[in-house]
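So you can see what is in the structure, the chains are spelled out below.
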Amino acid sequence: MTGSSSLADFPVGAIRADILAWYDTEGRTLPFRGTTDPYLVLVSEAILQQTQISRGAPAWEAFTTRFPTVESLAAASPADVLRAWRGLGYNRRALNLQRVARIVVDELGGVFPGDVAGLERLPGVGPYTARAVASIAFGLPVGAVDTNVRRVLGRAIAGDADVLGAAELQAVADALVPTRRPDAWTHALMDLGSTVCRPRAPRCDACPVRRMCRFAGLAAAAASADRAATRAAEDRSVSRAPAPRPVSRPRAVGDGRIPFERSSRWLRGRIVDRLRDAPATAWTELPGPIGTHDARAVATALSALAAEGLVELDPAADPPRARLPVA
Ligand code: ADE
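Residues numbered from 1 in each chain as written. Predicted model: local features only at pLDDT ≥ 70, side-chain atom pairs only at ≥ 80, totals over all residues. Heavy atoms only, no water.

(A) Structural context of the layout of surface pockets. Taken as a whole, the largest pocket spans an internal volume of roughly 780 Å³. Lining the largest pocket are 25 residues, with Leu48, Thr51, Asp146, Thr147 and Asn148 positioned closest to its centre. Looking at the lining of the largest pocket, the elements that each hand over two or more residues are α3 (38–48), α9 (127–138), α10 (147–158) and α12 (182–196). At 5 residues, the largest contribution of residues to the lining of the largest pocket is made by α12. The residue inventory of the lining of the largest pocket, partitioned by class, reads 8 nonpolar, 9 polar and 8 charged. (1 Å grid on protein atoms, 1.4 Å probe; cavity = no way out; pocket = protein on both sides within 12 Å on 5 of 7 lines; lining within 4 Å. Points joined across faces, edges and corners; volume = space filled by probe spheres on them. Helix = DSSP H or I, 4+ residues; strand = E, 2+ residues; numbered from the N terminus. Nonpolar A, V, L, I, M, F, W, Y, C, P; charged D, E, K, R; others polar.)

(B) Spotlight on the nonpolar core. Of all hydrophobic cores here, the largest spans 55 residues; its most connected members are Tyr39, Phe63, Phe112 and Ile271. Taken domain by domain, this core gets at least three of its residues from each of domain 1 (3–206) and domain 2 (266–323). Not counting residues within four places of it along the chain, the set of residues in contact with Tyr39 comprises Phe63, Phe67, Pro68, Thr69, Val70, Leu73 and Phe112. Counting residues in each nonpolar core, the second largest holds 33 residues, with Leu7, Ala144, Cys197 and Met212 among its members. (Core = buried A, V, L, I, M, F, W, Y, C linked by side-chain atoms within 4.5 Å. Buried < 20%, exposed > 50% of the residue type's maximum accessible area, 1.4 Å probe, protein only. Domains from an automatic or database assignment. Contact = heavy atoms within 4.5 Å.)

(C) Broad picture of empty space enclosed by the protein. With the rule as written, the count across this model stands at 3 cavities of 30 Å³ or more. Here the largest cavity defines a volume of roughly 90 Å³. For the largest cavity, the full set of lining residues is Val152, Ala156, Val196, Cys197, Pro202, Arg203, Cys204, Cys207, Val209, Cys213, Phe215 and Ala216. Going through the elements one at a time, α10 and α13 (214–236) are the ones with two or more residues in the lining of the largest cavity.

(D) Region of interest: the packing of aromatic side chains. Following the criterion strictly, the structure yields 3 aromatic pairs and no others. With 5.2 Å between their ring centres and 55 degrees between their planes, Phe63 and Phe67 make a pair best called tilted. Seen in terms of ring centroids, Phe63 and Trp85 are 5.7 Å apart; in terms of plane orientation they differ by 85 degrees. Their pairing is edge-to-face. In this pair, Phe63 is assigned in helix α4 (residues 53–66) and Trp85 in the loop between α6 (78–84) and α7 (91–107), connecting sequence segments 22 residues apart. Across this residue pair, the class does not change: Phe63 and Trp85 are buried. Put simply, the rings of Phe63, Phe67 and Trp85 pair up and form one aromatic cluster. We note Arg323 situated over the ring of Trp283; from NZ or CZ to the ring centre the distance is 4.2 Å. (Phe/Tyr/Trp six-rings, centres within 6.5 Å; stacked < 30°, edge-to-face > 60°. Lys NZ or Arg CZ within 6 Å of the ring centre and 35° of its normal.)

(E) View of the sheet that holds strand β1 (residues 284–285). The sheet built from 3 strands is open, its strands ordered β1-β3-β2 with antiparallel pairing. Two strands close off the open sheet at either side, each with one partner strand: β1 and β2 (312–313). Two elements, β1 and strand β3 (residues 321–323), share 2 bridges in a ladder whose sense is antiparallel. By the bridge assignment, Thr284 is partnered in β3 with Ala322. (Pairing = 2+ DSSP bridges.)

(F) Highlighting the domain arrangement of the chain. Along its sequence, the chain is organised into domain 1 (3–206) and domain 2 (266–323). Using only C-alpha atoms to locate each centre, domain 1 and domain 2 end up separated by 34 Å. On the side of domain 2, 12 residues touch domain 1, which itself brings 8 residues to the contact. Between domain 1 and domain 2, the buried area comes to about 870 Å², and carbon and sulfur atoms account for 43% of it. Joining domain 1 to domain 2, the criterion identifies 2 salt bridges. Ionic pairing is found between Asp277 and Arg86, a salt bridge with its closest N-O pair at 2.6 Å. Viewed at the interface, domain 2 and domain 1 are joined by 7 residue pairs in polar contact (both at pLDDT 80 or more). (Buried area = accessible area lost by both parts, 1.4 Å probe. Salt bridge = Lys/Arg side-chain N within 4 Å of Asp/Glu carboxyl O. Polar contact = N/O pair within 3.5 Å; in protein donor to acceptor, adjacent residues only side chain to side chain.)

Shown next as structure tokens:
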């Protein structure tokens, strides 16, 4: 089945109109929605990939106050960028953001690529981010599919978040984008996914497309079958199992991973945090242990961080000395 054939029975025009009308009255007002500057949009996407909107929105304001333009980010030291990224997780994203800024300024004359293929060639910019920037900053009619959008479209079109394959989902997402307001559409689907079409306890009664949504239809049918079964059971005075409901699969819990504090990710985060607290160009000795990680584990983590460009190592020092990269 191709994307267009999965949409064959769908009132595409009505879905677009109803979701955009809903967004105009119910959409969230967020600081990064006032801009179409690709740099500012890219920063918002990088932050929001790993941070909830309640923390991500003020973090975006702080980061873009510190680095208001692509030129200012390109000119900063990686150390300053990593300091500004504190608390936002995955430090490599901050470095990638700066690599992008330097490519745009040094190689592209300060101008972001204006299409999906060009954006995808930038470091750390994957299919989702490229399409989010393309639709929001450049007004291109392309569908940005993150987990929220996947759930909204999967449920509406196929009755479940997990039915459509990635290629088909992308085709559906692209086919649905209205040519007139692709930026608002991208924001709207994200808002719908996080405030209404929630993973658990979806609020179908508040959804602008519940009339044409397969998931809502299945849920209503299951609820009505439930009621009928209950009535029949009451009539016969026997208990019956309720009809199954179309619910998203529960997430795995207790997945057997080691406690976070024992992971190398935790250790790497603590090392970078220590270096963030040190004066700008000073070396910090890191003899270990840190938490439950002994000196060898600390040295191993430092080498990995240095290989990724997240720290500089003083070559001759023993015990190791490191700092955030100054150039
Ligand atoms: N998460 C990532 N991008 C977003 C956006 N544009 N609006 C809301 N949440 C988001």
